[in-house]
Amino acid sequence: VIRERPARRSDLVGIHRLVDYYARGGILLPRTEADIRARLGRFLVLEENGQVIACVALEPYADGEAELRSVAVDPSLTGRGYGKHLIDYALTTARRRRFLRVFVVSRSPDFFLRRGFFPVPRLELSQKIERDCRRCSRAPGCNLSAAVFFLSLQPPARPPAAVLSVLRV
Ligand SMILES: CC(C)(COP(=O)(O)OP(=O)(O)OC[C@H]1O[C@@H](n2cnc3c(N)ncnc32)[C@H](O)[C@@H]1OP(=O)(O)O)[C@@H](O)C(=O)NCCC(=O)NCCS
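Below is a short write-up of the structure.

## Quick word on the layout of surface pockets
- Roughly 1,200 Å³ of volume is contained in the largest pocket.
- Lining the largest pocket are 47 residues, and of these Ile27, Leu28, Leu29, Val105 and Ser106 sit closest to its centre.
- Only β4 (65-73), α3 (82-96), β5 (101-106), α4 (109-113) and α5 (126-131) provide two or more residues apiece to the lining of the largest pocket.
- For the lining of the largest pocket, the element with the most residues is β4, which contributes seven residues.
- By residue class, the composition of the lining of the largest pocket is 20 nonpolar, ten polar and 17 charged.

## Observations concerning the pattern of salt bridges
- Evaluated as defined, the whole model comprises twelve salt bridges.
- Arginine 17 is paired through a salt bridge with aspartate 74; the nearest N and O atoms lie 3.4 Å apart. Separated by 57 residues along the polypeptide, arginine 17 in helix α1 (residues 12-24) and aspartate 74 in the loop between β4 and α3 bring together distant segments of the chain.
- Judged by relative accessible area, which is 42%, arginine 17 ranks as partly exposed.
- The buried category is assigned to aspartate 74, whose relative accessible area is 10%.
- Here the residues in one salt-bridge network are Arg5, Asp11 and Glu47, joined through shared partners.

## Some thoughts on the packing of aromatic side chains
- One pass over the full model with this rule turns up six aromatic pairs.
- Ring centres 5.0 Å apart and planes at 90° place the aromatic pair tyrosine 21 and tyrosine 22 in the edge-to-face group.
- According to the relative accessible area criterion, tyrosine 22 is buried, its value standing at 14%.
- Through pairs of rings, three or more aromatic residues link up here, namely Phe111, Phe112, Phe117 and Phe149.

## Remarks on the site of the ligand
- Residues in contact with the ligand amount to 20 residues; listed here are only the nearest, Val73, Gly79, Gly81, Lys84 and Arg114.
- Between the ligand and arginine 80, the relevant distance is 3.2 Å, taken from an oxygen atom to a main-chain nitrogen or oxygen of the residue.
- Separating an oxygen atom of the ligand from a backbone N or O atom of lysine 84 is a distance of 2.8 Å.
- Relative to its free-state accessible area of 900 Å², the ligand is covered by the protein chains to the extent of 73%.
- Given that more than half its atoms are within 2 Å of the pocket grid, the ligand belongs to the largest pocket.
- Elements supplying a minimum of two residues to the shell around the ligand: β4, α3 and α4.
- Looking at the shell around the ligand, its residues break down into nine nonpolar, six polar and five charged.

Cut-offs and rules
- Residues numbered from 1 in each chain as written.
- Predicted model: local features only at pLDDT ≥ 70, side-chain atom pairs only at ≥ 80, totals over all residues.
- Heavy atoms only, no water.
- 1 Å grid on protein atoms, 1.4 Å probe; cavity = no way out; pocket = protein on both sides within 12 Å on 5 of 7 lines; lining within 4 Å.
- Points joined across faces, edges and corners; volume = space filled by probe spheres on them.
- Helix = DSSP H or I, 4+ residues; strand = E, 2+ residues; numbered from the N terminus.
- Nonpolar A, V, L, I, M, F, W, Y, C, P; charged D, E, K, R; others polar.
- Salt bridge = Lys/Arg side-chain N within 4 Å of Asp/Glu carboxyl O.
- Buried < 20%, exposed > 50% of the residue type's maximum accessible area, 1.4 Å probe, protein only.
- Phe/Tyr/Trp six-rings, centres within 6.5 Å; stacked < 30°, edge-to-face > 60°.
- Near = heavy atom within 4 Å.
- Polar contact = N/O pair within 3.5 Å; in protein donor to acceptor, adjacent residues only side chain to side chain.
- Areas by Shrake-Rupley, 256 points an atom, 1.4 Å probe, with all protein chains shown as cover.
- Sits in = over half its atoms within 2 Å of the grid points.

So, in structure tokens, the structure goes:
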């Protein structure tokens, strides 16, 4: 059984393992275990039998904006819809937390564009640039793409359970 839930202390090693795997391949930015521990409250996970199989961090910014960071699905379990499930869960959580827009900066923009994100020039993400890009050694010549999801414009990815039970689906 796959469960979606906010991360717990016991997920720390599992989250770090996933992020580290993709960071070694240059796909995700590296994060230390200490960094993940300090921001554990921002992580959401998919769990199967107590094992973290996917993770994402929902990073808050000003003006109702949030960033999806460290999006990772266990490399032995990709292509089974877990990435899709993870993003739907993150967007539902962001909506519940009253964010208005969620953006992502990624090497795989197509994955997010299929999920209803819109491509945006990275320069439009002024807060992100202020916070991270200024300090990033890879900033010159960076070829990452940005995409944004407008929570205020789109209906929930999945109706809440209460609505489903009324509709009897
Ligand atoms: C990208 C990633 C999260 C996708 O997870 P996944 O579990 O394999 O994705 P799913 O099985 O849910 O696939 C959902 C859809 O996205 C497509 N897709 C999967 N990976 C994709 C990619 N890298 N680029 C474009 N489309 C992709 C699938 O074909 C599928 O299409 P469909 O909706 O038409 O069926 C996963 O491969 C991963 O962890 N990659 C490394 C980290 C990373 O790139 N993170 C994103 C940047 S922050």
